[in-house]
Structure formats: structure tokens, C-alpha cells
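Chain and residue survey
In case you want the letters, here they are:
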Amino acid sequence: MNITLESLRHCFEGAQPAQIATCASDGTPNVAYLSQVHYVDSDHVALSFQFFSKTRENVLANPFAQAQVIDPATGIQYQLALQYMRTETEGPLFEYMKARLAGVASLTGMSKVFRLRGSDVYRVLDVACTDPVAPECGSMPTNRMPALRACSERMAQCADLSSLLDELLAGLARHFGIEHAMVLVLDAANDRLYTVASRGYAKSGAGSEVALGAGVIGVAAQQQTPIRIAFLTGDYAYSLALRDSLGEGGEKEIPFPGLAEPHSQVALPIMASGRLLGVLYAESEQKLRFTYEDEDALMAITGQLGFAMQLFEQNSESGDDQPDAPEAIVSSGAEVMVKIYPADNSVFVDGEYLIKGVAGAILWKLLSGHARGRSEFSNRELRLDASLRLPDISDNLEARLILLQRRLAERCPYLRIEKTGRGRFRLAVDRPVKLDC
């Protein structure tokens, strides 16, 4: 019976612990559990090296071993005849396994115990099924190509970043059955990611933040490698909402829009030209929801997303440098009090926290312009305004404007950012505004 490693990738999820059997130089056997078995290619696997154990001592003296993995759906066991080749302590393979192990550790409170020392690469000499009556050993992988094609075709039709993000999340629900997902964009100056689009949650969580290195999302971003958690045990809440106290301004909090008990999670870095732009994150209450095939397809989607984000950012300015003439602006209704705290550009509307950072500074600039009779603005003038402190490289201005637009729509519908052309937009204000700095 010919069994390929590709057909066993679902056995490497860790839902059932794998085991490894080794022999000392004198023939004494040793059996131990493994934290992680990782598919490298059709001929190799990598095992996590975490402790200076008897297993480690044995494979250095005698490079042959047997590993046992279990199909989580059927319980069928498979044995892999292995030959130790090398240990990698840096590079893509090591970073992938380190990040995934760190993601698991951050969820289980085992960060001080789960530390990867190296990725032990083994050549697979033979694969055998231990169930002699099993008609077929190793199920065929799910074909994600039709879903990938459908999503890519719809994304390619989008003319701006806002519609691209919406189409992406809609496509994941329609074609992959992924109901809970979000896109976070990197704020490199502050080593954080902020939520710019989400789907499947009661509240969008636009503006909620995740620190680099925190949880599955933060580790995937920091290590620039995908992390897929196929199962969780026990209760878990992704408590990454920021709660910063302002001496005179109350609390700032945008709750992270995650599931209370996600049993499956996948976080994938969004890259372009070798730079991290953000993270695509999906989760489910179902165990073993995301497979290797899902990860492969979603990584292809993030590649397309990263290229498009970079392209939209480069083409986000109009050719008109001249500011518009003052316009007569009429507002009605109850007056709105808007206050900014310059320390971090936190903006409060009628005493309630709205947004901070660069997006907060942009909103204050727009409202200040509105107070002087303006409503039309351009991306170019924002980039030329040093007071906004946009990063010199990859300012993600388009993403910041989308975040601000969605945050206003959610909390202050009487303040609206409306796109009027390439690199141009207007601020619509339906109620009188009083500015307090």
C-alpha cells in the first residue's frame, strides 16, 4: 500500500499526540511524546526539539527512529520510519515551527515551558498503516483550488482598498465557509496591528489593536509566518483590547472582535516586497476547522492581497495639489463636543472614546479644516502634513482612512468620510461641532 506524506498532513495537527521511538547506541529503546510534527515536503518531516532529553541523545548517537501519528478523524495509526538529517535553529522552517509553538503557548499559559530549541529534520524512509483492515490509509486532501480561484477573481475586480477588504471577507464566507475573519494592518511605528475590516461579529472592532508578539495574530506578524491552531482545550478569550488610562479623559477601549472560545485559529501575514503589511485572521468554534489545504490557499490569497494593498497605496494620490476654495457648510441638530489629547492624539466625542494615533490626528485635521469652511481634502495634503507624523515608509494612509471611515460610521454616523475621486475625499458633517484641544 503506497501512502504519501501529503495524504497524512491532517495527522500532524496535534489533536492526538505523536510519539517517537529511538534506541541508544547499546540498543536500549526509548519512547517519548512529541509536541509537534511538521510536514516539510514529500520526503521530510521536522520534529520539535525542546529539551535535552534521552530522545535527543539517542538520535545524535543513532540517527534512525520510528514516529507514530494518529488520524484525528478515524483513529488509524501510521508509523514513519525516519532518519535524522540535521537541526535548524534559524531560517523559515525554524521560524514557522517556533511561531506556531509560541502561538500555542500563548493560548495555554505555557510560554515559559514551550520554547523551541531547534527543528529536527528527518528523512522519511517508509510510511506504514498499523491497521491491517483499513481499506484506505490516508484520505485525499480537500481541493481548495475552486474556492481560491473564485475569491481571486472577485478580488481582482476591486478598484479600491475598501471594496477589496469587503470582497475578501465575503469571499471567505461564501467559498471557504469561513464566517469569522478580520484583516489587521501594521502600525510599524508603535509595533502594533489595528483591525481595519471584519466579518461575522456583532461589532466590527475597527481600531482594536494587537501588539506584535501577542497571541496568534501578534506572533504571526512578528515572525512573518502563518500560524494555524487546529484545536484548543479549556476556555479562552482573546483579551487584547487596549485599556489605557488618561488622567483627565477617562478610558480608551475598542474591544477585540474575537470569539469567546475559538477552538480553531489561523493567522497569516500579509506581505509585499518583503515587508509586513498586516495579518489575515480567521477563527472558528469548531475544532480542527482549518487544514493544511486551507492554510495553503489562504497564503495564496494574502499574497494577492498584499500586492493589491501596495498598489492601491502607491496610486492613492490625485494629481491636483491645489487646495479647494472654502465652501459653505451647513449643519443642524445638537452640538457635538470633540476633544483631542495631543499626547497620543486620542479623540473623544461627547466624552466617549473614538480613536487615537495617526487616525485621530487625521480626524482632528479634517474637523479643523471643516471649522474654517472646508469639506474637500486629498491624500497628498495629508502626506505632506508633518504634524500627522505619518511613517516615511509604508504609511498605510489608505488603510488608516478606511479605519477612520468605518469607526465614524459605527460610532458617529453624523460624521462621514466620502470618497470623491482618486486620492480625494470629503468630510460630511451633519451636526454642529465644537472643538476642544
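Please read these numbers as outputs of a predicted model, since none were measured by experiment.

Turning to its location among the elements, Arg 374 is positioned in the loop between α7 (357–371) and β19 (376–378). The class for Arg 374 is buried, based on a relative accessible area of 15%. A distance of 2.5 Å separates a polar atom in the side chain of Arg 374 from the backbone oxygen of Glu 376.

Interhelical geometry of helix α3 (residues 145–155) versus helix α4 (residues 161–176) gives an angle of 160 degrees and a closest axis separation of 9 Å. For the element pair α3 / α4, the angle class is roughly antiparallel. α3 and α4 meet at a crossing whose hand is right-handed. Side by side, α3 and α4 meet where Ala 147, Leu 148, Ala 150, Cys 151, Arg 154 and Met 155 of the first sit next to Leu 164, Glu 167, Leu 168, Gly 171, Leu 172, Arg 174, His 175 and Phe 176 of the second. Classifying every residue of the contact of α3 with α4 gives nine nonpolar, two polar and three charged.

A few words on the sheet that holds strand β11 (residues 227–229). Strand order in the open sheet made by the six strands is β10-β9-β8-β15-β14-β11, with antiparallel pairing throughout. Lying at the two open borders of the sheet, with one neighbouring strand each, are β10 (209–211) and β11. The average undirected angle you get between the axes of adjacent strands in this sheet is 25 degrees. Alignment of β11 against strand β14 (residues 264–272), held across three bridges, turns out to be antiparallel. Residue pairing for β14: Arg 228 is matched across the bridge by Val 266. In the packing of α4 onto the sheet, the strands contacted are β8 (180–187), β9 (192–199) and β15 (275–284), and the crossing angle to β9 comes to about 60 degrees. Each of β8 and β9 is contacted by helix α9 (residues 397–411), which is oriented at about 55 degrees to β9, the strand it contacts most.

Another point: the side chain of Thr 55. Locating Thr 55 in the fold gives a position in helix α1 (residues 54–61). For Thr 55, the contacting residues outside a window of four places in its chain are Ile 20, Thr 22, Asn 30 and Ala 32.

Negative phi characterises most residues that are not glycine, and trans characterises most peptide bonds. Positive phi, close to 55 degrees, is recorded for Asn 345, a residue that is not glycine. Relative to the elements of secondary structure, Asn 345 occurs in the loop between β16 (336–341) and β17 (346–349).

Moving on, we come to the packing of aromatic side chains. In total, this model carries five aromatic pairs according to the counting rule given. Measuring from centroid to centroid gives 5.6 Å for Tyr 84 and Tyr 122, while their planes differ by 65 degrees, and the two rings are edge-to-face. Remark: Tyr 122 occurs in strand β7 (residues 118–129) and Tyr 84 occurs in strand β6 (residues 77–88); sequence separation between them is 38 residues. Arranged with centres 6.1 Å apart and planes meeting at 25 degrees, the rings of Phe 377 and Phe 425 form a pair that is stacked. Of the two residues, Phe 377 sits in strand β19 while Phe 425 sits in strand β21 (residues 424–429), which places them 48 residues apart along the sequence. Overall, Phe 377 belongs to the buried group, its relative accessible area being 1%. For Phe 425, a relative accessible area of 4% corresponds to the buried category.

Turning our attention to α9. Here α9 contains 15 residues, and its C-alpha end-to-end distance of 21 Å stays within 8% of the 21 Å for a straight helix at 1.5 Å per residue. Turning to α9, its buried residues number three or more, namely Leu 397, Glu 398, Ala 399, Arg 400, Leu 401, Ile 402, Leu 403, Leu 404, Arg 406, Arg 407 and Leu 408.

With that settled, consider the nonpolar core. The biggest cluster of nonpolar side chains holds 68 residues, and the ones touching the most others in it are Leu 172, Ile 301 and Ile 362. By residue number, the principal contributor to this core is α7, which donates eight residues. Setting aside anything within four residues of it in sequence, one finds Ile 301 in contact with Leu 148, Cys 151, Met 155, Leu 168, Leu 172 and Phe 176. If you look at the next biggest cluster of nonpolar residues, it comprises 25 residues, including Leu 8, Ile 20, Tyr 39 and Tyr 292.

Of all the residues in α3, the buried ones are Ala 147, Leu 148, Ala 150, Cys 151 and Met 155. Buried residues of α3, seen end-on, are gathered within an arc of 165 degrees and therefore sit on one face of the element. Summarising the geometry of α3, the exposed residues directed more than 90 degrees from the buried face are Met 145, Pro 146 and Arg 149. Close packing links the buried residues of α3 with α4 and α6 (292–314).

On to the environment of Ile 70, then. On the secondary structure map, Ile 70 appears in strand β5 (residues 64–70). When the C-alpha atoms of Ile 70 and Gln 19 are compared, they prove to be 9.5 Å apart, with 51 residues separating the residues in sequence. Ile 70 has contacts with Cys 11, Gln 16, Pro 17, Gly 75, Ile 76 and Gln 77, leaving out every residue within four places of it along the chain.

All chains considered together, the criterion is met by 23 salt bridges. One salt bridge in this structure joins Asp 166 and Arg 406, with 3.0 Å as the shortest N-O distance. With a gap of 240 residues between them, Asp 166 in helix α4 and Arg 406 in helix α9 connect regions that are remote in the sequence. Residue class for Asp 166 comes out partly exposed when judged on its relative accessible area of 40%. One salt bridge connects Asp 385 with Lys 365, and the closest N-O pair in it is separated by 3.0 Å. Residue Asp 385 is located in the loop between α8 (379–384) and α9, and its partner Lys 365 is located in helix α7; the two are separated by 20 residues in the primary sequence. Three or more residues joined by partner-sharing salt bridges are found here, namely Glu 376, Arg 416, Glu 418, Arg 426 and Asp 430.

Once that is clear, we can look at the confidence of the model for the chain. When the pLDDT values of the chain are averaged, the result is 85; 85% of them are 70 or greater. Low pLDDT, under 50, characterises residues 233–250; the predicted model gives this stretch 43 contacts beyond four residues in sequence or across chains.

About the criteria used
Residues numbered from 1 in each chain as written. Predicted model: local features only at pLDDT ≥ 70, side-chain atom pairs only at ≥ 80, totals over all residues. Heavy atoms only, no water. Helix = DSSP H or I, 4+ residues; strand = E, 2+ residues; numbered from the N terminus. Buried < 20%, exposed > 50% of the residue type's maximum accessible area, 1.4 Å probe, protein only. Polar contact = N/O pair within 3.5 Å; in protein donor to acceptor, adjacent residues only side chain to side chain. Axes fitted to C-alpha atoms, helices over the stretch in contact; angles between N-to-C directions. Parallel < 35°, antiparallel > 145°, perpendicular 65-115°, else oblique. Left-handed = near helix turned anticlockwise from the far one by under 90°. Contact = heavy atoms within 4.5 Å. Nonpolar A, V, L, I, M, F, W, Y, C, P; charged D, E, K, R; others polar. Pairing = 2+ DSSP bridges. Phe/Tyr/Trp six-rings, centres within 6.5 Å; stacked < 30°, edge-to-face > 60°. Expected span 1.5 Å × (residues − 1). Core = buried A, V, L, I, M, F, W, Y, C linked by side-chain atoms within 4.5 Å. Arc of directions from axis to C-beta. Salt bridge = Lys/Arg side-chain N within 4 Å of Asp/Glu carboxyl O. pLDDT = per-residue confidence, 0-100.

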